Amino acid sequence: MRTLPPSARIHAGIVVGGSVPALILLSWSGVDIDRLGALAVLFIAFGAVARARLTGLCGAPDGALFPLVCAAVLLLPAGAAATVALPGVLIARAGTADPVTRVVDAAHLVPAIAVASRVYELLDGTRYLTASELPAGLLPTAAAGLALYVVSGLLDTAFRAETQGAGGLPVLREVFVRSAGWRLGSVPIGLMMAVLWQQRLGVFAAVLVLLPLYVAFWAYAQQAQEQAAHEATVRTLVRAVEIKDGYTRGHSERVARASVLIARRLGMREDRVVRLRYAGILHDVGKLSVSTRVLTKPGRLDPEELREMQRHPVSGAEMVAGLTFLGEAHAGILHHHERMDGRGYPAGLAGAEIPEFARVIAVADAFDSMTSTRSYRPARGADAAMAELRRCSGTQFDPRMVEALAQALARHGWPEAEVRDGEGEVRVPAPRGQSRADTHSVARGRVGGGS
C-alpha cells in the first residue's frame, strides 16, 4: 500500500472500505439460499480453474468468471451476487498482482454488480427467468450486462491510471478495447445459464455452459504456450547470429516484415504467413557455421572462403531441421539464395523449381540490403531499391514477388534512411569477379539477394 501513489491509496481506501458495508446494505431480499450456496461453490471452483489454466486470457484471469458474474446478477439480489463473486475473483487473481491491487480489483465488482442489479430491477428483470420469458427478458439482461461492463471498466481504468501515472484516455482505451468482445459476449452466456438454471438443472446449468467454454480456453492457452515456446526458440537462434555478425542485428526482423507484406499481398493462408515469417527471421541462421574470420574479413574472399560462405543456407537448414513447427520454412531457409535464371546456390534451381518461400525471402532480403546503410555506401530509398528489383526481375527475382512488395509498400510504406549496420556489416562473397563495393548491388548481378 505504501508503494502506491497518494491518489491510488485514496481510491483503494474508498473502494475497499465502502465495499464491506455495501455487501451488507445492498439488497438480500428474497435470496434463495440453495442458489446462493451453489453459486458460491461454482465461483470458487471456476476461480481456481481460471487461475491455474486461463491466466492471461479474457483480459485477466478473473475475466473468465464474467459469464458467472452475469448469471449471478440475473439469479441473485445485489448483495448476495456481490458476496458470492468476490471469493472466486480473489482466487482467480492470486499470484497475478500485488495483494492490494488484487483486493482493489475484486472490490470494483461490488459497485459494478450493484449498478447492474439495479438496472436489471428497474427494467422489470426477474430472478426466475424462463425460456418463455426470453423475448421480454432480453432488454433488461442486455442493459444489466452493459452496466456491469461499463462500471467495472471505468473503475479499473481509474485505478490503473493512478497506479501507472498514465493518461486516462490511453488506459481507458486499453481496458475497454481489450475486454469488450469477451465481457459483452459473456452476457448471453450468463443469460443462457440463468434460463437453464430454471429448467430443474440448477448448478449443472453452469457446468453445461461453462465447462465446454473453459475446455476451449484451455486448448487455446496450450496453443498460446506452444507458440511462445516457438518464438523463444527462434529468438534464441537469431540472437546467436546477431552476436556473431553485427550486421544481422535487426536485419532478420526486417526481412521477416517485408516477407509478410509480400505474403499478405499474395493472399497466403495465415498459417503459411506465420511459417514464412519464421523463415525470414531464420534465413541467415547458417552464418553460425561460418567462421568469424570469413564474416569479418575486410578484403575479397578467396575461393575456399567463398565456398564456406555459400554453404550457410545448407548449414542453416540443417540447424533447424529438428524444428518441425517450421514446416516449409525449411525450404525457404535452404534456397533463399537461388536465382530465377538458375545461377544461384546451393542447388542451382531455376524458375518455379525454387520454393515459393525462398522466392519471397530473396526479394525481401535484397530489399532490406539495399535500404540499409553500409560502410561503403548510404542506404538507398525504397523507390530506388524497388527500381533495382524490377530491373532484375525474371533473371534474379520472381517478378510476381517483386510486384507484390511494390504494391505492399505503396500501401504501407517503409522506414527511409535508417542506419541499419549494427556494429558491423555482413561480408557476402563478391561473385564472378565483382569488387567488394559491389557485393550487395542487385543491379550488378550479385548471386542471391540480401546477405
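Structure's up top.
The structure contained in this document is the topic of the report that follows.

Conventions we followed
- Residues numbered from 1 in each chain as written.
- Predicted model: local features only at pLDDT ≥ 70, side-chain atom pairs only at ≥ 80, totals over all residues.
- Heavy atoms only, no water.
- Helix = DSSP H or I, 4+ residues; strand = E, 2+ residues; numbered from the N terminus.
- Contact = heavy atoms within 4.5 Å.
- Salt bridge = Lys/Arg side-chain N within 4 Å of Asp/Glu carboxyl O.
- Buried < 20%, exposed > 50% of the residue type's maximum accessible area, 1.4 Å probe, protein only.
- Phe/Tyr/Trp six-rings, centres within 6.5 Å; stacked < 30°, edge-to-face > 60°.
- Axes fitted to C-alpha atoms, helices over the stretch in contact; angles between N-to-C directions.
- Left-handed = near helix turned anticlockwise from the far one by under 90°.
- Nonpolar A, V, L, I, M, F, W, Y, C, P; charged D, E, K, R; others polar.
- Patch = residues over 30% accessible without salt bridge, like charges linked within 9 Å, V, L, I, M, F, W, Y side chains within 5 Å.
- Areas by Shrake-Rupley, 256 points an atom, 1.4 Å probe, with all protein chains shown as cover.
- Core = buried A, V, L, I, M, F, W, Y, C linked by side-chain atoms within 4.5 Å.

**Digging into the overall build of the protein chain**
Thinking step 1. In terms of helices and strands, the protein chain carries 18 helices and 0 strands.
Thinking step 2. Considering only contacts in the protein chain between residues 6 or more positions apart, those separated by 24 or more positions represent 71%.

**Considerations on the pattern of salt bridges**
Thinking step 1. What the rule picks out here adds up to 21 salt bridges.
Thinking step 2. With a shortest N-O distance of 2.8 Å, Arg 264 and Glu 270 are connected by a salt bridge.
Thinking step 3. The exposure class assigned to Arg 264 is partly exposed, which follows from its relative accessible area of 49%.
Thinking step 4. Residue Glu 270 is classed as partly exposed on the basis of its relative accessible area, which comes to 45%.
Thinking step 5. The shortest N-O distance in the salt bridge between Arg 272 and Glu 328 comes to 2.7 Å. Remark: Glu 328 occurs in the loop between α14 (312–319) and α15 (329–335) and Arg 272 occurs in helix α11 (residues 270–282); sequence separation between them is 56 residues.
Thinking step 6. Under the relative-accessibility criterion, Arg 272 is labelled buried at 14%.

**Some details on the packing of aromatic side chains**
Thinking step 1. Enumeration according to the criterion identifies 2 aromatic pairs in this entry.
Thinking step 2. Both rings, one in Tyr 278 and one in Phe 325, keep their centres 5.5 Å apart while their planes meet at 80 degrees; by these two values the pair is edge-to-face. Here Phe 325 lies in the loop between α14 and α15 and Tyr 278 lies in helix α11, a separation of 47 residues in the sequence. There is no split in this pair, since Tyr 278 and Phe 325 are both buried.
Thinking step 3. Centroid distance Phe 367 to Trp 414: 5.3 Å. Interplanar angle 75 degrees. Geometry classified as edge-to-face. Taken together, the positions of Phe 367 in helix α16 (residues 356–370) and Trp 414 in the segment after α18 (399–412) put the pair 47 residues apart, joining distant regions of the chain.
Thinking step 4. Phe 367 gets classed as buried once you look at its relative accessible area, which sits at 0%.
Thinking step 5. Using a relative accessible area of 10% as the deciding quantity, one classes Trp 414 as buried.

**A closer look at the packing of helix α4 (residues 78–93) against helix α5 (residues 99–107)**
Thinking step 1. The interhelical angle for the contact between α4 and α5, taken along N-to-C directions, is 145 degrees, at an axis separation of 9 Å. Crossing of α4 against α5: the hand is right-handed. Contacts from Leu 86, Val 89, Leu 90 and Arg 93 in α4 reach Arg 102, Val 103, Asp 105, Ala 106 and Ala 107 in α5.
Thinking step 2. Among the residues making up the contact of α4 with α5, the classes are represented as 6 nonpolar, no polar and 3 charged.

**Here we look at the side chain of Thr 141**
Thinking step 1. Structurally, Thr 141 can be placed in helix α7 (residues 134–164).
Thinking step 2. Taking the relative accessible area as the measure of exposure, Thr 141 reaches 4% and is therefore buried.
Thinking step 3. The residues contacting Thr 141, other than those within four sequence positions of it, are Leu 74, Tyr 120, Leu 129, Val 187 and Leu 191.

**Topic: a nonpolar patch on the surface**
Thinking step 1. A cluster of nonpolar side chains, contributed by Val 203, Phe 204, Val 207, Leu 211 and Val 215, occupies part of the molecular surface with about 420 Å² of accessible area.
Thinking step 2. Along the chain, the position of Leu 211 falls in helix α9 (residues 203–244).

**Describing the nonpolar core**
Thinking step 1. Judged by nonpolar contacts, the single largest core of 53 residues is most densely connected at Leu 39, Phe 43, Leu 68, Ile 113 and Leu 148.
Thinking step 2. Of all the secondary structure elements, the ones that give two or more residues to this core are α1 (6–25), α2 (33–53), α3 (66–75), α4, α6 (109–122), α7, α8 (168–201) and α9.
Thinking step 3. Counting residues per element, this core draws most heavily on α3, at 9 residues.
Thinking step 4. By size, the runner-up hydrophobic cluster in this structure holds 48 residues, among which are Val 255, Val 260, Met 386 and Ala 408.

By themselves, these observations are geometric and do not establish any function.
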